[in-house]
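Here is how the chains run, residue by residue.
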Amino acid sequence: MAAADIHFKLNTGAEIPALGLGTWQSAPGEVEKAVFHAIKVGYRHIDTALCYQNEHEVGQGIKEAIDAGIVKREDLFVTTKLWNSYHARVSEGLDTSLKNLGLDYVDLYLMHWPIAMNPNGSHPIFPKLPNGERDIIHSHSHVTTWQSMEKLVGSGKTKAIGVSNYSVQYLEELLPQASIIPAANQIENHPSLPQQEIVDFCNQKGIHVTAYSPLGSTGSPLFTAEPIVEVAKKRGVSPATVLLSWHIARGSSVLAKSVTPSRIEANRTDLIKLDADDVATIKKYSDQLAASKSFQRFVFPPFGVNFGFPDKM
Ligand SMILES: NC(=O)C1=CN([C@@H]2O[C@H](COP(=O)(O)OP(=O)(O)OC[C@H]3O[C@@H](n4cnc5c(N)ncnc54)[C@H](OP(=O)(O)O)[C@@H]3O)[C@@H](O)[C@H]2O)C=CC1
Ligand SMILES: O=C[C@H](O)[C@@H](O)[C@@H](O)[C@H](O)C(=O)O
């Protein structure tokens, strides 16, 4: 079955398509075309964020597809994210994103990182202190931000709320004080950073996991990693197909980023059912990285904050 045709159920009852198009680092002038092309070839899930500074173009790609009669708005699942410098003005953050996107609502609104940055700092998105460090408001709790996000539900401006970059430690802080259980936790995930403890915790609590950087991000070493290539050769598919199949078999949705039409199409491809040997080959690889404490985390911006990720403590 093609990844784009599989859905997972969120704790709101809504369905999230298993394959989403990622748009982080998609260059201006490329992302609108990528979004349009993805929708044209069957993607129904698009991921963006205020801090990607491309919501306007993403919205243009969506509009073009709707105007061309390819989809209706309600057929799409659009996710965007509250940026760190908006933690004390959550409603304004969502309104800004909706305006950028040219949409009345999003399907999922995520807290991008559980850390607040100065809303009145040296830069609207990436404020820095004179010493060059990021301008973080350490006194602002992510729980307060979540409680503001809870107020958005019912506004009609987002169908669901969730989190991103949450470790078990942060979820354990949040859940006792939350009235709404996050619908999703979007985290970095791939065989060289399986984050099984977060996946297990989320499964227990009914929080859907979305894998970001599912292919190993820009310049991914996973496309040439021996165990992934071994399974790909044995099954006669590409390393990308092995990776996407691995994620979706775990119950995670994936955000595969590409601005290349042929890759956008390739990632929509039929998944394979990994057999016990394939699963064992990939697990052995992850276990070896765990044993040698050499998990590979590709996205770890210099916040100078302990997010509770075991590989970064
Ligand atoms: N919540 C968060 O903090 C984060 C969220 N994300 C989300 O997750 C998405 C995906 O993560 P991202 O880090 O972008 O990385 P991915 O793991 O999706 O990898 C993207 C890279 O792989 C290339 N690629 C895509 N498909 C193929 C293929 N079939 N064969 C070979 N190369 C391929 C792309 O190239 P090209 O585009 O040139 O074709 C690009 O260089 C982001 O775009 C964003 O939407 C990502 C990071 C953090
Ligand atoms: O979503 C993608 C990533 O989280 C990205 O938003 C951050 O890495 C950001 O560029 C930053 O530097 O803090």
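Structure first, text after, so check above.
The sections below set out a description of the structure shown in this document. Every chain's residues receive numbers from 1 upward, in the order its sequence appears when written. To read the labels, note that chains go from A and ligands from 1, taken in the order they are written. Predicted model: local features are reported for residues with pLDDT of at least 70 only, side-chain atom pairs are reported and counted for 80 or more only, and whole-chain, interface and lining totals are derived from all residues. The basis for every side-chain value is the complete set of heavy atoms in the structure, and neither hydrogens nor water enter the calculation.

Considering the site of ligand 2
Inspection of the region around ligand 2 gives Trp24, Cys51, Tyr52, Trp83, His112, Trp113, Phe126, Arg134, Val299, Pro301 and Phe303 as its neighbouring residues. Between ligand 2 and Tyr52, the relevant distance is 2.5 Å, taken from an oxygen atom to a side-chain nitrogen or oxygen of the residue. We define a polar contact as two N or O atoms separated by no more than 3.5 Å, with the added condition that, inside protein, one atom must be a possible hydrogen donor and the other a possible acceptor, whereas residues neighbouring each other in sequence contribute only through side-chain atom pairs. Contact distances for ligand 2 include 3.1 Å between an oxygen atom and a side-chain N or O atom of Trp113. Computed with the Shrake-Rupley method and a 1.4 Å probe, the accessible areas treat only the protein chains shown as cover for residues. Relative to its free-state accessible area of 330 Å², ligand 2 is covered by the protein chains to the extent of 87%. In a pocket analysis with a 2 Å cut-off to the grid points, ligand 2 is assigned to the largest pocket. Only heavy atoms are used to decide nearness, and a residue is near a molecule or strand if one of them lies within 4 Å of it. Space inside and on the surface of the protein is sampled on a 1 Å grid over the protein atoms alone, with a cavity defined as a set of points where a 1.4 Å probe fits but cannot get out and a pocket as an open set with protein on both sides within 12 Å along at least 5 of 7 lines; lining residues have an atom within 4 Å of a point. Here the criterion for a molecule occupying a pocket or cavity is that more than half of its atoms lie within 2 Å of the pocket grid points.

Some remarks on the site of ligand 1
Neighbouring ligand 1 are 28 residues, the closest being Asp47, Ser217, Lys257, Ser258 and Thr260. Here an oxygen atom of ligand 1 sits 2.6 Å away from a polar atom, N or O, in the side chain of Asp47. One of the side-chain nitrogen or oxygen atoms of His112 is found 3.2 Å away from an oxygen atom of ligand 1. Protein burial of ligand 1: of its 910 Å² of free accessible surface, 90% is covered by the chains. The site holding ligand 1 turns out to be the largest pocket.

Considerations on the packing of aromatic side chains
We call Phe, Tyr and Trp rings a pair once their centres come within 6.5 Å, taking the six-membered ring for Trp, and we label the pair stacked below 30 degrees between planes, edge-to-face above 60, and tilted otherwise. In this structure the tally under the stated criterion is nine aromatic pairs. Taken together, the ring pairs in this structure connect Trp113, Tyr166, Tyr170, Phe300, Phe303, Phe307 and Phe309 into an aromatic cluster. Sitting over the ring of Tyr105, Arg73 keeps its end group 3.9 Å from the ring centre. Charge over a ring is defined by NZ of Lys or CZ of Arg lying within 6 Å of the ring centre and within 35 degrees of the ring normal. Geometry around Phe309 places Arg297 over its ring, the cationic atom sitting 3.9 Å from the centre.

Topic: unusual backbone geometry
Despite not being glycine, Ser213 has its phi angle at roughly 50°, a positive value. Looking at the secondary structure, you find Ser213 in the loop between strand 9 (208-212) and helix 7 (226-235). In this text, helices come from DSSP runs of H or I with a minimum length of four residues, and strands from runs of E with a minimum of two, each type numbered from the N-terminal end.

Brief notes about the environment of Ile70
Along the chain, Ile70 turns up in the loop between helix 2 (55-67) and strand 5 (77-82). When a residue's accessible area, from a 1.4 Å probe over protein chains only, is under 20% of the maximum for its type it is buried; when over 50% it is exposed; and in between it is partly exposed. Take Ile70: its relative accessible area is 29%, and that puts it in the partly exposed class. On a C-alpha basis, the gap between Ile70 and Gln288 in space is 46 Å, while along the polypeptide they are 218 residues apart. Aside from chain neighbours lying at most four places away, what touches Ile70 is Phe36, Ile39, Lys40, Arg44 and Ala65. We call two residues in contact whenever any of their non-hydrogen atoms come within 4.5 Å of each other.

Here we look at helix 10 (residues 276-291)
In this analysis, the expected span of each helix is defined as 1.5 Å times one less than the number of residues it contains. The first and last C-alpha atoms of helix 10 sit 22 Å apart over 16 residues, in line with the 22 Å expected at 1.5 Å per residue. Looking only at helix 10, the buried set comprises Asp278, Ile282, Tyr285, Ser286 and Leu289. The arc enclosing the buried residues of helix 10, seen along the axis, measures out at 90°, which places them on a common side. Pointing more than 90 degrees away from the buried face of helix 10 are the exposed residues Ala276, Asp277, Lys284 and Ala291. Check the buried side of helix 10 and you find it contacts helix 7 and helix 8 (239-249). The residue sitting at the N-terminus of helix 10 and contributing the capping side-chain oxygen is Asp275; that oxygen lies 3.0 Å from the backbone nitrogen of Asp277. Taken from the residues just after helix 10, Lys293 is the one with a positive phi, measuring 50°. Directions drawn from the helix axis to the C-beta atoms are what define this arc.

Looking at the pairing of strand 5
Counting buried residues along strand 5, six of its six residues qualify, which places the element largely inside the surrounding structure. In terms of strand pairing, strand 4 (residues 45-47) meets strand 5 through three bridges, oriented parallel. Counterpart to His45 in the pairing with strand 5 is Phe77. Crossovers are described as right-handed under a simple rule: with the strands pointing away from the observer, the path leading from the first strand over the helix to the second runs clockwise. In terms of handedness, the path from strand 4 via helix 2 over to strand 5 forms a crossover that is right-handed. Chirality of the crossover, the property in question, places the unit of strand 5, helix 3 (residues 90-101) and strand 6 (residues 108-111) among those that are right-handed. For two strands to count as paired, DSSP must find a minimum of two bridges between them.

Quick word on the side chain of Thr210
Tracing the backbone through its elements, the reader meets Thr210 in strand 9. Polar contacts involving the side chain of Thr210 include one to the side chain of Ser253, which spans 2.8 Å. Look past the residues within four positions of Thr210 in its chain and what remains in contact with it is Ile16, Asn185, Gln186, Ile187, Ser253 and Leu255.

Regarding helix 8
Counting buried positions over the 11 residues of helix 8 gives 10, a clear majority of the element. Here helix 8 has its buried residues at Pro239, Ala240, Thr241, Val242, Leu243, Leu244, Ser245, Trp246, His247 and Ile248. Where helix 8 is buried, its residues touch strand 1 (7-9), strand 9, helix 7, strand 10 (253-257) and helix 10. Note on helix 8: the residue one or two positions beyond its end, Gly251, has a positive phi of about 95°.

Examining the environment of Phe126
On the secondary structure map, Phe126 appears in the loop between strand 6 and helix 4 (142-150). It is 8.7 Å that separates the C-alpha atoms of Phe126 and Cys51, two residues lying 75 residues apart in sequence. Once residues lying within four places of it in the same chain are set aside, the contact partners of Phe126 are Gln53, Trp83, Met117 and Arg134.

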